[in-house]
Amino acid sequence: MSQLNRALGSSIGAPAPAFRFVVNFPSLLSANEGAAANVRRQVDGAFGSVLDKAAVAAGDYYNGLFNPQEIIAESVSFTPAQPSAQQRFFGGSERSFPSFITTEAASIQIYEDVGYKATKYLNTWRELIVDKNQNYNEPDKYKKTITVSVFDWVQTTKPVLKVTLQDTWLSNTGSFEYSYAEDGRLRVTAQFSMDGLLIEPQADAGKAGDDIINIALSQFGVR
């Protein structure tokens, strides 16, 4: 194992922080807003302009109610897509070979306020998948894209890593737990199944964090 020295320390980049990230949730069309959009597509002319104003107003209401910018992730956990192993007979023994590519569900803990805005958002997404009468919707209506932007120690606008959860849909939510013995707050945990996962380090990532590692290493007398 290499010993930490000046030469090695000079080549070490700043450590990747695990707490500087932003999760961007997708916009959701509620059933009412979808109907309003359908009216806008089918009706035109002078009569249609009146309905269009009403439809736009309805759309603005639902966009405000389910604004994805107000859904805040406290933590996110995902696993890179990878081939599963399958045992096969080979020369009198079993050997492992790659099989199907497996993409595990991502787990996201979402901040919940006293108005239960996160719960309303998740309920809306769930209703896009299957309605109250147990009728399932078409995949293109409920499969969305979630992106995770990860930052270094300094930058807050230019991400050093971009993660794209492709064709994502809400597959599970954690239980609601209340207790008089607790004085904390409710935490909402949701799992999102997906068809693909892209993890893309960005160009020139992490240069803004070099000063941080210089300060840290100087405390050990390396720099």
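What counts as what
- Residues numbered from 1 in each chain as written.
- Predicted model: local features only at pLDDT ≥ 70, side-chain atom pairs only at ≥ 80, totals over all residues.
- Heavy atoms only, no water.
- Helix = DSSP H or I, 4+ residues; strand = E, 2+ residues; numbered from the N terminus.
- Contact = heavy atoms within 4.5 Å.
- Areas by Shrake-Rupley, 256 points an atom, 1.4 Å probe, with all protein chains shown as cover.
- Buried < 20%, exposed > 50% of the residue type's maximum accessible area, 1.4 Å probe, protein only.
- Pairing = 2+ DSSP bridges.
- Expected span 1.5 Å × (residues − 1).
- Salt bridge = Lys/Arg side-chain N within 4 Å of Asp/Glu carboxyl O.
- Phe/Tyr/Trp six-rings, centres within 6.5 Å; stacked < 30°, edge-to-face > 60°.
- pLDDT = per-residue confidence, 0-100.
- Patch = residues over 30% accessible without salt bridge, like charges linked within 9 Å, V, L, I, M, F, W, Y side chains within 5 Å.

### With respect to the overall build of the chain
Across its full length, the chain holds 6 helices and 9 strands. In the chain, once contacts between residues fewer than 6 apart in sequence are set aside, the share between residues at least 24 apart is 69%. Accessible area of the chain: about 14700 Å², with a carbon and sulfur share of 53%.

### Quick look at the pairing of strand S6 (residues 144-150)
Buried residues dominate S6, accounting for 6 of its 7 residues. Sheet analysis places S6 next to strand S7 (residues 161-173), joined by 6 bridges and oriented antiparallel. Across the sheet, the residue bridging to Val148 is Val163, located in S7.

### Description of helix H4 (residues 117-129)
The terminal C-alpha atoms of H4 lie 19 Å apart, and with 13 residues this matches the ideal 18 Å at 1.5 Å per residue to within 8%. Of the residues making up H4, those classed as buried are Ala118, Thr119, Tyr121, Leu122, Thr124, Trp125, Leu128 and Ile129. On the buried face of H4, the contacting elements are strand S5 (106-111), helix H5 (139-142), S6, S7 and strand S8 (187-193).

### Brief notes about the pattern of salt bridges
Here the structure, examined in full by the defined rule, presents 5 salt bridges. When the shortest N-O distance is used, the salt bridge between Glu70 and Lys117 registers 2.8 Å. In this pair, Glu70 is assigned in the loop between helix H3 (45-65) and strand S2 (73-77) and Lys117 in helix H4, connecting sequence segments 47 residues apart. Given a relative accessible area of 38%, Glu70 falls into the partly exposed group. For the salt bridge of Lys143 with Asp195, the shortest nitrogen-to-oxygen distance reads 2.8 Å. Placement of Lys143 in the loop between H5 and S6 and of Asp195 in the loop between S8 and strand S9 (196-201) is noted, with a sequence separation of 52 residues between them.

### So, the packing of aromatic side chains
Taken as a whole and assessed by the stated rule, the structure comprises 6 aromatic pairs. Note on Tyr142 and Trp169: the rings are 6.3 Å apart at their centroids and 75° apart in plane angle, and the pair reads as edge-to-face. Placement of Tyr142 in helix H5 and of Trp169 in strand S7 is noted, with a sequence separation of 27 residues between them. Given the relative accessible area of 13%, Tyr142 is considered buried. On the basis of relative accessible area, Trp169 is assigned to the partly exposed category, the value being 26%. Feature note: the residues Phe25, Tyr121, Trp125 and Phe192 constitute an aromatic cluster, connected by ring pairs.

### Thoughts on the environment of Pro139
Along the chain, the position of Pro139 falls in helix H5. According to the relative accessible area criterion, Pro139 is partly exposed, its value standing at 44%. Taking C-alpha positions, Pro139 is 8.7 Å from Asp167, a pair spaced 28 residues apart along the chain.

### Thoughts on the confidence of the model for the chain
When the pLDDT values of the chain are averaged, the result is 79; 72% of them are 70 or greater. Here residues 60-65 is a poorly scored stretch, pLDDT under 50, and it has 5 contacts once near neighbours within four places are set aside; other chains count.

### A few points about a nonpolar patch on the surface
On the surface, Phe19, Trp153 and Val154 cluster together into a nonpolar patch covering about 300 Å² of accessible area. Secondary-structure assignment places Val154 in the loop between S6 and S7. Overall, the relative accessible area of 46% leaves Val154 in the partly exposed class.

### So, the pairing of S8
Burial along S8 is one-sided: Val188, Ala190 and Phe192 are buried, and none of Arg187, Thr189, Gln191 and Ser193, which face the opposite way, are. The pairing of S5 with S8 spans 6 bridges and is antiparallel. Across the sheet, Ser107 pairs through a bridge with Gln191, a residue of S8. The pairing of S7 with S8 spans 4 bridges and is antiparallel. From the neighbouring strand, Leu170 faces S8, where its bridge partner is Phe192.

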